[in-house]
Amino acid sequence: MQKVTLIKGDGIGPSIMDAATKIIEASGVPIEWEERYAGVSAFDRFQSPLPDETLESIKRTRVVFKGPLTTQLGKGFRSINVALRQEFDLYANVRPAKSWKGAHSRYDNIDLVVIRENTEGLYAGLEHYIGPKKNTAESIAVITREGTERIIKFAFEYARQNRRKKITVAHKANILKYSQGLFLDVAQEVAKLYPEIECDERIIDATCMHLVMDPNQFDMIVTTNMFGDILSDLIAGLVGGLGLAPGANIGYDTALFEAVHGSAPDIAGKNIANPTALILGGIMMLRYLGETLAADRINRAVEVIINEGRYVTPDLNPDSRTGTAEMAEAIIGAMS
Ligand SMILES: NC(=O)c1ccc[n+]([C@@H]2O[C@H](COP(=O)([O-])OP(=O)(O)OC[C@H]3O[C@@H](n4cnc5c(N)ncnc54)[C@H](O)[C@@H]3O)[C@@H](O)[C@H]2O)c1
């Protein structure tokens, strides 16, 4: 039986995770969940946001299904999401966005994937105040040739395996000539190894504008850590919001699956959180585990329910009274 470390997370995490795990269980895939804690819920129980028990479980299972974790603004412990990505060298963050017929959005034919470098850049954790008065602070962006080579290769290999035709390298090499310049140089070198896949490059600010104006000129985008973080929320907005955006964090021997969104404290406890993003993260996990039939079956059921638009949470249909758990029940019903 496949063991998976399960971290329900903070805020809306437990409710959307209960929905997602029920659906996966209903698909009949033999998974044994090892529930562990991280983030605020772990701090409350173990006085540590990332207890040894959690790390030990991940080192054994090598597969993690995780709800969103709260990170306090400008204080408190470091982001546990970032810590997990660095600890297990989960260097590639795959964030797809696809239009759903029933979800109201600006466009109805989006099919995009952002590949975000996940361990370097401005999120490398190198930041401090300068001087005793704390009037100045600096954060250092780290870009390495090795880190760039592997994420660009990952993007091109993903394109090959998923029959994608074009990759855009999004960067800021016009201003950050060293760090972003290195990223762009290495990307262009690696792109030559994949002549069948079209590759272009674009400055990040223009990329944002073009994504909003005419997203269909993009197929896949590969970029550095913070730009990828921002772009993936942008593309989620193009297909109907954060409730529909999953993410897979992939390393050499470990993978972690989640929703792109956070713990949404503004709606926690109200039974209105959309579980779809996490369910789609679960579908990515099933594909990673080779459970393609179950993944397809759940995906079709999610499609039926969203396209129908009746049993969906209010972010997808403001007239709906359907809660998180009820939407999961409807998806399970559509699976049979
Ligand atoms: N991967 C992660 O664990 C992750 C990712 C992003 C943010 N965070 C953390 O989450 C906390 C809250 O961050 P935030 O408020 O900036 O971003 P957020 O993604 O939690 O919420 C942004 C907006 O989207 C809405 N939203 C998010 N998920 C939704 C869902 N499933 N259904 C319906 N609406 C949804 C929220 O209600 C809110 O209005 C912060 O502590 C942040 O650090 C964690």
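All right, on to the site of the ligand then. Close contacts around the ligand come from 21 residues, with Pro68, Thr71, His261, Gly262 and Asn274 the closest. Residues of the shell around the ligand, tallied by class, amount to 10 nonpolar, eight polar and three charged.

A few words on the pairing of strand E12 (residues 255-259). Taken across its five residues, E12 has five buried, putting it largely inside the fold. Side-chain alternation along E12 places Ala255, Phe257 and Ala259 on one buried face and Leu256 and Glu258 on a second face that is also buried. One ladder, built from three bridges, connects strand E3 (residues 63-66) with E12; its direction is parallel. Bridged to Val64 within E12 is Leu256. Connecting strand E11 (residues 246-250) to the antiparallel partner E12 that follows it, the hairpin turn spans four residues.

Strands in a sheet are paired, the pairing made by backbone hydrogen bonds, and the direction either parallel or antiparallel. Taken together, the 10 strands give an open sheet; going across it, the order is E2-E1-E3-E12-E11-E4-E5-E10-E8-E9, and neighbouring strands pair in mixed fashion. Every other strand in the sheet has two partners, leaving strand E2 (31-36) and strand E9 (198-203) as the edge strands with one partner each. Taking the axes of each pair of neighbouring strands and ignoring which way they run, one obtains an average angle of 25 degrees across the sheet. Bridge count for E11 against E12 is five bridges, and the pairing is antiparallel. Counted as the bridge partner of Asn249 is Leu256 from E12. Sheet contacts for helix H6 (residues 179-191): strand E8 (166-171) and E9; angle to E8, the most-contacted strand, approximately 165 degrees.

Turning to the domain arrangement of the chain, a few remarks are in order. Annotation of the chain at the domain level lists domain 1 (1-90 + 245-336) and domain 2 (111-238). Distance from the C-alpha centre of domain 1 to the C-alpha centre of domain 2: 25 Å. Taken together, the contacts link 10 residues of domain 1 with seven residues of domain 2. With three residues, the single largest contributor to the side of domain 1 that touches domain 2 is helix H4 (residues 80-87). Considering only residue class, the side of domain 1 that touches domain 2 consists of four nonpolar, three polar and three charged.

How each quantity is defined
Residues numbered from 1 in each chain as written. Predicted model: local features only at pLDDT ≥ 70, side-chain atom pairs only at ≥ 80, totals over all residues. Near = placed C-beta within 6 Å. Nonpolar A, V, L, I, M, F, W, Y, C, P; charged D, E, K, R; others polar. Buried ≥ 20, exposed ≤ 12 C-beta atoms within 10 Å, placed from the backbone. Helix = DSSP H or I, 4+ residues; strand = E, 2+ residues; numbered from the N terminus. Pairing = 2+ DSSP bridges. Axes fitted to C-alpha atoms, helices over the stretch in contact; angles between N-to-C directions. Contact = placed C-beta atoms within 7 Å. Domains from an automatic or database assignment.

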